[in-house]
Amino acid sequence: DAGVTQSPTHLIKTRGQQVTLRCSPKSGHDTVSWYQQALGQGPQFIFQYYEEEERQRGNFPDRFSGHQFPNYSSELNVNALLLGDSALYLCASSLQGNLPQHFGDGTRLSIL
Amino acid sequence: DAKTTQPPSMDCAEGRAANLPCNHSTISGNEYVYWYRQIHSQGPQYIIHGLKNNETNEMASLIITEDRKSSTLILPHATLRDTAVYYCIVRAGDKIIFGKGTRLHILP
């Protein structure tokens, strides 16, 4: 039973570029949430997708956007990258948004 | 903003019980307490959750005070593999609000 998978595992970009991160939820799950984790901090909630719609959003600018596909997988897009966007991006899945969420091991994004 | 307070770090000898405290004095009546841990370079891992009764599973026990303003996660026989950051979370709607957690060091 595959857990949450994220790709790529590592990524290096430069300021101003755009990036797309991908997530496949745990089998049987239909809700995907995205988190940003800066070094030494706890994960911060970005947004949650359910039934292909953004259901909740944290305190992140519009540069952060997402999408959920009919197979429940999801993408996180970040435009106009800033140095401060360097972080570990975590995806978590659940059934109908209920806890507990199951997390992937994240994508480490570095902005130069 | 996180609604929980945890010590930034703790030490525990291998083989002993690790008791990790959490303060959640503003918890609402219908909010659960969840515990996750994050081992270096991995995503957070769910451990246990509870509402007002004590809970136990194969990983840990959760003790919640009667007034629900604090709780303790107990790892009965800590091993080196339990070295991680432990997060105590009070569910806020459908999203998880993480604090900075407790960094648990298991000493050989």
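In case you missed it, the structure is sitting above this.
Residues numbered from 1 in each chain as written. Chains lettered and ligands numbered in written order. Predicted model: local features only at pLDDT ≥ 70, side-chain atom pairs only at ≥ 80, totals over all residues. Heavy atoms only, no water.

Caption draft 1: Just the overall build of chain A, in detail. What chain A contains, in helices and strands, is 0 helices and 11 strands. Reading chain A from its N terminus to its C terminus gives the helix and strand order β-β-β-β-β-β-β-β-β-β-β. For 112 residues, the compact-globule formula gives about 13 Å, and the C-alpha radius of gyration of chain A, at 13 Å, lands near that figure. If one aligns the C-alpha atoms of chain A with their principal axes, the spans along those axes are about 40 × 25 × 25 Å. Every one of the 112 residues in chain A was classed for burial, and the buried ones make up 49%. Across chain A, every contact between residues at least 6 apart in sequence was considered, and the portion connecting residues at least 24 apart equals 54%. Distance from the positive charge centre (8 side chains) to the negative charge centre (10 side chains) of chain A: 10 Å. (Helix = DSSP H or I, 4+ residues; strand = E, 2+ residues; numbered from the N terminus. Rg over C-alpha atoms; globule rule 2.2 N^0.38 Å. Buried < 20%, exposed > 50% of the residue type's maximum accessible area, 1.4 Å probe, protein only. Contact = heavy atoms within 4.5 Å. Lys, Arg positive; Asp, Glu negative; His and termini not counted. Charge placed at Lys NZ, Arg CZ, Asp CG, Glu CD.)

Caption draft 2: How the structure looks around the pairing of strand E9 (residues 102–107) of chain B. All names here are of chain B. Burial of E9 is one-sided: the residues Thr 102, Leu 104 and Ile 106 facing one way are buried, the residues Arg 103, His 105 and Leu 107 facing the other way are not. Where strand E1 (residues 9–13) and E9 come together, 5 bridges link them in parallel fashion. Across the sheet, Asp 11 pairs through a bridge with His 105, a residue of E9. Bridge count for strand E8 (residues 84–90) against E9 is 3 bridges, and the pairing is antiparallel. Looking across to E9, one finds that Tyr 86 is bridged to Thr 102. (Pairing = 2+ DSSP bridges.)

Caption draft 3: View of unusual backbone geometry. Residues and elements named next belong to chain A. Cis rather than trans, the peptide bond between Ser 7 and Pro 8 has omega equal to -10 degrees. With respect to the helices and strands, the residue Pro 8 is situated in the loop between strand E1 (5–7) and strand E2 (10–13). Cis peptide bonds are those with omega within 30 degrees of zero, and the linkage from Leu 99 to Pro 100 qualifies with 5 degrees. Positionally, Pro 100 belongs in strand E10 (residues 98–103). With a phi angle near 45 degrees, Ala 80 is a residue other than glycine that sits in the positive phi range. Tracing the sequence through the fold places Ala 80 in the loop between strand E8 (74–78) and strand E9 (87–95).

Caption draft 4: Up close: the side chain of Asp82(B). Its place among the elements puts Asp82(B) in the loop between strand E7 (70–75) and E8. Leaving out residues up to four positions away in the same chain, Asp82(B) has contacts with Arg37(B), Leu75(B), His77(B), Leu104(B) and Ile106(B).

Caption draft 5: Spotlight on the interface of chain A and chain B. On the chain B side, the residues contacting the 21 residues of chain A number 16 residues. Summed over both partners, the interface of chain A with chain B buries about 1600 Å², with 54% contributed by carbon and sulfur atoms. Across the chain A-chain B interface, the total number found is 0 salt bridges. Looking at the side of chain A that touches chain B, the elements with two or more residues in it are strand E4 (31–37), strand E5 (44–50), strand E6 (53–57), E9 and E10 of chain A. Here the side of chain A that touches chain B takes 5 residues from E10(A), the largest share from any one element. Here the side of chain A that touches chain B is composed, by residue class, of 8 nonpolar, 10 polar and 3 charged. (Buried area = accessible area lost by both parts, 1.4 Å probe. Salt bridge = Lys/Arg side-chain N within 4 Å of Asp/Glu carboxyl O. Nonpolar A, V, L, I, M, F, W, Y, C, P; charged D, E, K, R; others polar.)

Caption draft 6: Local environment of the sheet that holds E1(A). Residue and element names in this part refer to chain A. Taken in spatial order, the 4 strands of this open sheet run E1-E3-E8-E7, and their pairing is antiparallel. In this open sheet, the two edge strands, each paired with only one partner strand, are E1 and strand E7 (64–68). Pairs of neighbouring strands in the sheet enclose a mean axial angle of 20 degrees, with direction left out of account. In this structure, strand E3 (residues 19–24) lies alongside E8, joined through 5 bridges in antiparallel fashion. Across the sheet, the residue bridging to Cys 23 is Ser 74, located in E8. (Axes fitted to C-alpha atoms, helices over the stretch in contact; angles between N-to-C directions.)

By themselves, these observations are geometric and do not establish any function.
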